[in-house]
Amino acid sequence: MRRPKKLLSERYLNRELSWLAFNSRVLAEAENADNPLLERLRFLAIFESNLDEFFMVRVSGLIEQFENRVVEMSPDGLSPNEQLEVIAQAAGPLRRQASLAFSKKLIPVLEAEGLHLRKTAALSEKQTASMRRYFQRQVFPLCTPLVLSPAPSVPFISNRSLNLVVELADGNEAKLARVKIPTIVPRFVPLGPRKDEFILLEDLIADHVADLFPGVEIKGTYRFRVIRDADIELRELEASDLIATVEESLRLRRFGDPVLLQHESEMPAHIVRQLRELIGVGKRDTMEVPSLLGMEALEELVALDRPRLRYPPHHGYVAEPLANSNNLFDTLDVKDALVHHPFDSFRSVEALVESAIKDPQVAGIKLTLYRVGTESVIVEDLAQAAEAGKQVAACVELKARFDESNNIVWARALERAGAHVVYGFYELKTHCKMCLVVRRAGKELKAYVHIGTGNYNPQTARQYTDLGLFTSDPEIARDVSEVFNYLTGFSKRVKVKHLLVAPINLREGILERIARESKRAAQGEQARIVFKLNALVDPEVIEALYKASSAGVSVDLIIRGICCLRPGVPDLSKNIRVVSIVGRFLEHSRVYYFHNGGQAEAYIGSADAMRRNLDRRVEVLAPIRDPALVERLREEVLEPYLRDNTNAWRLDGTGSYTRLEPDGKPFTVQTWLMGRPLGRFLGGS
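This write-up is about the structure you can find in this document. (Residues numbered from 1 in each chain as written. Predicted model: local features only at pLDDT ≥ 70, side-chain atom pairs only at ≥ 80, totals over all residues. Heavy atoms only, no water.)

**Thoughts on unusual backbone geometry**
So, step 1. The amide bond that connects His341 to the next residue, Pro342, takes the cis arrangement and shows omega of 0°.
So, step 2. Within the secondary structure, Pro342 is located in the loop between β10 (337-341) and α11 (347-358).
So, step 3. Of note, the amide linkage connecting Ala502 to Pro503 takes the cis form, showing an omega dihedral of 5°.
So, step 4. Of note, Pro503 is situated in the loop between β18 (500-502) and α16 (506-522). (Helix = DSSP H or I, 4+ residues; strand = E, 2+ residues; numbered from the N terminus.)

**A short note on the pattern of salt bridges**
So, step 1. Tallying each qualifying case throughout the model produces 40 salt bridges.
So, step 2. Of the charged contacts in the structure, one is a salt bridge between Asp615 and Arg507, with a shortest N-O distance of 2.8 Å. With Asp615 in helix α18 (residues 611-615) and Arg507 in helix α16, this residue pair connects regions lying 108 residues apart in the sequence.
So, step 3. Overall, the relative accessible area of 35% leaves Asp615 in the partly exposed class.
So, step 4. We classify Arg507 as buried; its relative accessible area is 11%.
So, step 5. By sharing partners, the salt bridges in this structure join Arg528, Asp556, Arg577, Glu631, Arg634, Glu635 and Glu639 into a single network. (Salt bridge = Lys/Arg side-chain N within 4 Å of Asp/Glu carboxyl O. Buried < 20%, exposed > 50% of the residue type's maximum accessible area, 1.4 Å probe, protein only.)

**Overview of the packing of α16 against helix α17 (residues 539-551)**
Angle between the axes and distance between the axes are the two parameters that describe a pair of packed helices.
So, step 1. Close contact between α16 and α17 brings their axes to 8 Å; oriented N to C, the two are set at 10°. The orientation of α16 with respect to α17, classified from their angle, is roughly parallel. Taken together, the residues of α17 that come into contact with α16 (itself represented by Arg507, Leu511, Ile514, Ser518, Ala521 and Ala522) are Glu540, Val541, Ala544, Leu545, Lys547, Ala548 and Ala551.
So, step 2. Residues of the contact of α16 with α17, tallied by class, amount to nine nonpolar, one polar and three charged. (Axes fitted to C-alpha atoms, helices over the stretch in contact; angles between N-to-C directions. Parallel < 35°, antiparallel > 145°, perpendicular 65-115°, else oblique. Contact = heavy atoms within 4.5 Å. Nonpolar A, V, L, I, M, F, W, Y, C, P; charged D, E, K, R; others polar.)

**Considerations on the sheet that holds strand β5 (residues 188-190)**
So, step 1. A sheet is described by the order of its strands in space; here three strands give the open sequence β1-β6-β5, paired in mixed fashion. Looking at the sheet topology across the chains shown, the edges are occupied by β1 (116-118) and β5. Here the average twist between neighbouring strands, direction ignored, is 40°.
So, step 2. Pairing of β1 with strand β6 (residues 197-200) involves three bridges; the strand directions are parallel. Bridging from a neighbouring strand, Arg118 pairs with Ile199 of β6. (Pairing = 2+ DSSP bridges.)

**Brief notes about the layout of surface pockets**
So, step 1. If you add up the space inside the second largest pocket, you get close to 410 Å³.
So, step 2. Lys119, Leu200, Asp203, Ser291 and Leu292 are the residues nearest the centre of the second largest pocket, which is lined by 19 residues in total.
So, step 3. The element contributing the most residues to the lining of the second largest pocket is helix α3 (residues 80-112), with three residues.
So, step 4. Looking at side-chain class alone, the lining of the second largest pocket contains eight nonpolar, three polar and eight charged residues. (1 Å grid on protein atoms, 1.4 Å probe; cavity = no way out; pocket = protein on both sides within 12 Å on 5 of 7 lines; lining within 4 Å. Points joined across faces, edges and corners; volume = space filled by probe spheres on them.)

**Section: the nonpolar core**
So, step 1. Core analysis: the biggest nonpolar cluster contains 124 residues, and Phe55 and Leu545 have the highest contact counts within it.
So, step 2. Per element, the largest residue contribution to this core is 15 residues, and it comes from helix α2 (residues 37-67).
So, step 3. For Phe55, the residues in contact, after removing those within four places along its chain, are Ser60, Ile87, Ala91, Ile227, Val259, Leu260 and Met287.
So, step 4. Among the nonpolar cores identified, the runner-up in size contains 47 residues, and Cys395, Cys432, Tyr486 and Ile581 belong to it. (Core = buried A, V, L, I, M, F, W, Y, C linked by side-chain atoms within 4.5 Å.)

**Observations regarding helix α12 (residues 377-387)**
So, step 1. The set of residues buried in α12 consists of Ile378, Val379, Asp381, Leu382, Ala383, Ala385 and Ala386.
So, step 2. Downstream of α12 by a residue or two, Gly389 has a phi angle that is positive, lying close to 95°.

**Considerations on the sheet that holds strand β3 (residues 162-170)**
So, step 1. In spatial order, the strands read β2-β4-β3-β7-β8-β9; together these six strands make up an open sheet with mixed pairing. The strands lining the two open edges of the sheet, one partner per strand, are β2 (146-149) and β9 (286-289). Each strand of the sheet is rotated relative to its neighbour by a mean of 35°, with strand direction disregarded.
So, step 2. Both β2 and strand β4 (residues 173-180) contribute to a ladder of three bridges, which runs antiparallel. When the bridges of β4 are listed, Ser149 appears paired with Leu176.
So, step 3. The sheet strands contacting α2 are β7 (217-228), β8 (258-264) and β9, and the helix crosses β7 at an angle near 70°.
So, step 4. Contacting β2, β3, β4, β7, β8 and β9, helix α7 (residues 269-279) runs over the sheet at an angle of about 160° to β8.

What follows is the structure in structure tokens.
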């Protein structure tokens, strides 16, 4: 990604540019010829979806700050308007790079594999006739031409929709009309039953656009998209109105203010100007795209039945003592367990919840739900447990952005089944991932706990790397019960002994442990910190790591996405190294590891080192209390990630990432983890 000309802070990298650099690394996987073809298309679709969300959420927020004359600077010293300028400098070239990756690199490989994307002019007579029939029967009834200009009012152009702007000649007057490309028919229209030749739906409509404007001269058709503000805030809520207000926010999301106009390169300048005026965006908020717009539609090609062009299927190791709900509790009575998804099967988590139905000794279960997904065995099991008369409590976060609809559906289903459903706090998102099962053990009640870094979502559990701790440790269980009471009741304080909980003691807990390593290093002792996170943004944590580096602490940071810390800078961060891993699975686990004078401490959980996670969410970091598991976490997770020399990118002090190249034998950590022998069940003694 080309760096902007703007000179940034000497201490911090800009958050937005760091995020764009992450998406550039995603794009690099689409360009990487070592990846299977359809997986390269998937990376390109993910790149586009990521970029859309970036504009819908981050850029829209900066625009709102600018329009409201917010003068607060980012940690790197830029005003909202200056950030919008550097984003425009970086995002446009990055999107054009993605277009060229598709047209120049991927199209030829598709052709070589017998998958052809045709233009209408290249169709045979038979294909032309077939597409004419398809248009008349399947597409024409779905198309609604609308006059854009001149018109008494501009028709609304929905968020992320793909459109044709049609230039019409009506006598001496030029007019513009808009045709929305339907989304309920395939974007890649197969030309035959073999599904090896396709035509783009927008090309098909453009080729037959005269049918939509009979008797009017068509001067040209051009493609464009509009990205809108989707970060609709929930203001002035009462708890009883939360579901209704979230539902209303979902409706409003479609109508957010425009933040970006994307248009094809061939669109004439006068039409671009007209569209900008009609939509209400400036030149800076306009992006020219050389080829395919809306590349998230490439998922249609990814779904083709071509297994040779995909990654080989991966099936996580099933640790039988954990996967069987009949003896799961016997296992946890004698040892803790640490699992690493997707290399370990998600079945272990499902078995814990399944036990709530099957085990007659289970009296109750509590669970937090953040991103549930469209299908959930876990939530169905919770509903069955509630219907069977067991005590079921679920904290469902309705404000999980872009998952609100699914969560509302599941929340209502659980309520109908008789479960206690709460929605956390209005001002704080409940982001922690916890499950508590209460079981009779003779005359006593015993609790079993799962705390994870990922959502209770079986779909993402196959695609994201996450860690999960299973334990029957009564002190951890007591802490988890305290957090659930905080979420479901009127507790004003959370008395936890071992957990780090945001916004209660998590920030202080991390800072204290960083300071402890700094003190040991200053005294000449060995000191080391390893963090594996999605993002490192919080200035206070960054400053603490700078101090640790100056004191002589060895700091290794495995940061998938945003990193605002400048590593390797003399007199600031010379002992800090930062790598990012981008590969087949989305790196999602969060680990905080401290050497602690040889008595190593490790915490896993849902919190990144960001202000929102530390101050504005309910987050939980759980200690791995079994020393054997802490050592295995270091040996089998952290150190292998630091050895990756194939999918790892090294960040330097300027904010640039360089892909590591093997100096000897290539090592890819995700591939290594997939090929590990049986024994991935990390039970301590």
